[in-house]
Amino acid sequence: MKVLTHQQMRNADLAAIAAGIPALVLMENAAYALLRALEQRYMPLSEQRIAIFCGKGNNGGDGLALARLLQIHHQPKDMKVILAFEPEELSPDAARQLVMLEALEIPYSMQLPQDLAATTLAVDALLGTGMSGEPRPPIADLITLINELPLARRVAVDIPSANRVHADLIVTFAAPKPEHVMLDQPELVIAPIGIPEKFLAQAELNLITPRDLKPVGAKRALDSHKGSFGHVAVIGGAGALQMAGAAAIRAGAGWVTVYSSDPGFTIGLPDLMKGAWPPSVAGKIVAIGPGLGQSEQALVESLYLNHDGPLILDADALNVLAPLSQSTSHLRVLTPHPGEMRRLLGRELGDRIEDSSGLSKLTNSVVVLKGQRTVIAFPSGQVWINPTGSPALAKAGSGDVLTGLMAGLLSQYPSHPEQAILAAVYLHGRLGEYSHEMTSLASRLCDNLSEALGELSV
């Protein structure tokens, strides 16, 4: 799913209007989307005490159109339409909505009513995506007022004004915006309003949804055999190597061989094979790093530059390459947490999206910057945000499981590497959501993998 910046959304609006879709039609569609969202959650609307706070731009116009539709379809027992500015200051389309409100004799006011504290449903239509800088009075005062309403559920139109309204629900239009996917947000409804998809395709930022991950999770052919699903090699040591290998075989790899330089290393899972050291990985999907230590720099560098298949690098495999600027023509996936990312960059982190995309283009690799809202950047410039995850993943070993999942999926879908990588991140987050935040074990994350995979095939 495309994620549009504010300017990209404005460009898409203008392109749709230029193509022949009137702005008032888009606004009417947005108002109906708002109405449907309210009907699905807050019925009976006729019994609600509603306050709609409207700014002077098109966000305010959406609020005014919503007021008209509420009156037509539900006749709320009490509805207050509050303008933040004089009618003469409204944008042209918002002013047209006000005219329609007047034609239906629906009252509005710039004055705050005495009984506003009794509001049960507050609609924030003050500021939209065009706002920049800090809000000033009267907007700032109205934001404070909305947040202090003691009984109200708060619904934000497009985005919470200045990202300061404490919304219970956000209804946005056509596509999510960066703050929807990067910040902690309440329930989000993404409503189409009639902007053609071709005008939304300009975005390089995307949100992972299950429909983006096909064919991962599709039913297997009846004549499948282990050779159909690839051979994974995992190189590392100790328990981390065990967890990564177990995740790869649980994710569906045909077979998995683990390699450790420790002669005393023993396999705890009979489904895994133990390979001789030094590793022989020709023709295999390789994951290196979990439990490896930093004594194998020469091996990591050789594989990074010369292995002719996909290579996933994690943990100390990243640390021994840092800072990293070399690139290869083969698929490389870097999976740093923020500390490892700092070392790869050779500096402190700035913007997570820009840093991930920059390193991806510099090294011609896929960068999976782990953390809340994991960022996945591809050398093409496309960047994906993962919406799944949980504090249950904040335990040692969780990253090793992600490495194994990614290797296992890449081995099965060699023709769809992007979907395999994205699916590994998405499923890993879902496994965290299935787990208890405190008592979960990284070694048991894959216990719910079949259920998570089943969600992709619906």
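This is a predicted model, so every value here is computed, not measured.

**As for the sheet that holds strand E1 (residues 2-3)**
The sheet built from eleven strands is open, its strands ordered E1-E8-E17-E16-E15-E14-E13-E12-E9-E10-E11 with mixed pairing. Each of the sheet's edge strands pairs with one partner strand only, and the pair in question is E1 and strand E11 (273-274). The pairing of strand E8 (residues 205-207) with strand E17 (residues 383-385) spans three bridges and is classified as parallel. Across the sheet, the residue bridging to Leu207 is Ile385, located in E17.

**Regarding unusual backbone geometry**
Following Pro137, the chain continues to Pro138 via a peptide bond in cis, the omega torsion being 5°. With respect to the helices and strands, Pro138 occurs in the loop between strand E4 (121-125) and helix H5 (139-148). Cis rather than trans, the peptide bond between Lys214 and Pro215 has omega equal to 15°. If you trace the backbone, Pro215 turns up in the loop between E8 and strand E9 (231-235). Here Asn163, not a glycine, exhibits a phi torsion of approximately 55°, which is positive. Considering the arrangement of structural elements, one finds Asn163 in the loop between strand E5 (153-157) and strand E6 (169-173).

**Quick look at the pairing of E5**
Of all five residues making up E5, four are buried, and the element is well covered by its neighbours. Here E4 runs beside E5; their pairing, made up of four bridges, is parallel. Residue pairing in the sheet places Leu121 in a bridge with Arg153 of E5.

**Some details on helix H14 (residues 449-456)**
Residues that lie three or four places apart on an α-helix share one face, since the helix turns once every 3.6 residues. By the burial criterion, the buried members of H14 are Leu449, Ala452 and Leu456. Seen from one end, H14 has its buried residues packed into an arc of 65°, which puts them on one side.

**Describing the pattern of salt bridges**
Under the defined criterion, the tally for this structure stands at 17 salt bridges. Between Arg41 and Glu187 there is a salt bridge, and its shortest N-O distance comes to 2.7 Å. Here Arg41, found in helix H2 (residues 23-41), pairs with Glu187, found in strand E7 (residues 187-191); they are 146 residues apart in sequence, far enough to count as distant. Judged by relative accessible area, which is 40%, Glu187 ranks as partly exposed. Note that Asp158 and Lys177 form a salt bridge whose closest N and O atoms lie 3.3 Å from each other. Of the two residues, Asp158 is situated in the loop between E5 and E6 and Lys177 in the loop between E6 and helix H6 (178-182); the sequence distance between them amounts to 19 residues. We note that Asp158, like Lys177, is buried. In this structure, a network of salt bridges that share partners links the residues Arg49, Asp78, Lys80 and Asp115.

**Overview of the packing of helix H13 (residues 417-434) against H14**
The description of two packed helices rests on the angle between their axes and on the distance between the axes. For the pair H13 and H14, interaxial distance at closest approach is 9 Å and the crossing angle is 125°. The angle between the axes of H13 and H14 places the two elements in the oblique class. The handedness of the crossing between H13 and H14 is right-handed. Between H13, through Tyr426, Leu427, Arg430, Leu431 and Tyr434, and H14, the contact on the second element is made entirely by Leu449, Glu451, Ala452, Leu453, Glu455 and Leu456. Across the contact of H13 with H14, the residue classes tally to eight nonpolar, no polar and three charged.

**Here we look at the packing of aromatic side chains**
Counted by the stated rule, this structure contains zero aromatic pairs. Positioned over the ring face of Phe229 is Arg220, at 3.4 Å from the centre of the ring. Lying across the ring of Tyr434, Arg430 places its NZ or CZ 4.9 Å from the centre.

**Brief notes about the pairing of E9**
Summarising burial for E9: five of the five residues are buried, a large majority. Summarising the sheet, E9 and strand E10 (residues 255-259) pair through five bridges and their orientation is parallel. Bridge pairing in E10 places Ala233 opposite Thr257. Since E9 and E10 lie parallel, the crossover through helix H7 (residues 238-250) that links them has a hand, and here it is right-handed.

**What about helix H12 (residues 398-412)?**
Taking 1.5 Å per residue, 15 residues should reach 21 Å; H12 reaches 22 Å between its end C-alpha atoms and fits that length. The buried fraction of H12 is high, at 14 of 15 residues.

**Examining the environment of Gln419**
Tracing the sequence through the fold places Gln419 in helix H13. Along the primary structure Gln419 and Pro215 are separated by 204 residues, whereas in three dimensions their C-alpha atoms are 7.7 Å apart.

**Comments concerning the packing of H2 against helix H3 (residues 58-73)**
Between H2 and H3, whose axes approach to 8 Å, the crossing angle comes to 55°. Here H2 is positioned oblique relative to H3, judged by the angle of their axes. Pair H2 / H3 crosses with right-handed handedness. Only Asn58, Gly61, Asp62, Ala65, Leu66, Arg68, Leu69, Leu70 and His73 of H3 make contact with H2, whose side of the interface consists of Met27, Glu28, Ala30, Ala31, Tyr32, Leu34, Leu35 and Leu38. Of the residues that constitute the contact of H2 with H3, the class distribution is eleven nonpolar, three polar and three charged.

Calculation criteria
- Residues numbered from 1 in each chain as written.
- Predicted model: local features only at pLDDT ≥ 70, side-chain atom pairs only at ≥ 80, totals over all residues.
- Heavy atoms only, no water.
- Pairing = 2+ DSSP bridges.
- Helix = DSSP H or I, 4+ residues; strand = E, 2+ residues; numbered from the N terminus.
- Buried < 20%, exposed > 50% of the residue type's maximum accessible area, 1.4 Å probe, protein only.
- Arc of directions from axis to C-beta.
- Salt bridge = Lys/Arg side-chain N within 4 Å of Asp/Glu carboxyl O.
- Axes fitted to C-alpha atoms, helices over the stretch in contact; angles between N-to-C directions.
- Parallel < 35°, antiparallel > 145°, perpendicular 65-115°, else oblique.
- Left-handed = near helix turned anticlockwise from the far one by under 90°.
- Contact = heavy atoms within 4.5 Å.
- Nonpolar A, V, L, I, M, F, W, Y, C, P; charged D, E, K, R; others polar.
- Phe/Tyr/Trp six-rings, centres within 6.5 Å; stacked < 30°, edge-to-face > 60°.
- Lys NZ or Arg CZ within 6 Å of the ring centre and 35° of its normal.
- Right-handed = clockwise from strand over helix to strand, strands pointing away.
- Expected span 1.5 Å × (residues − 1).

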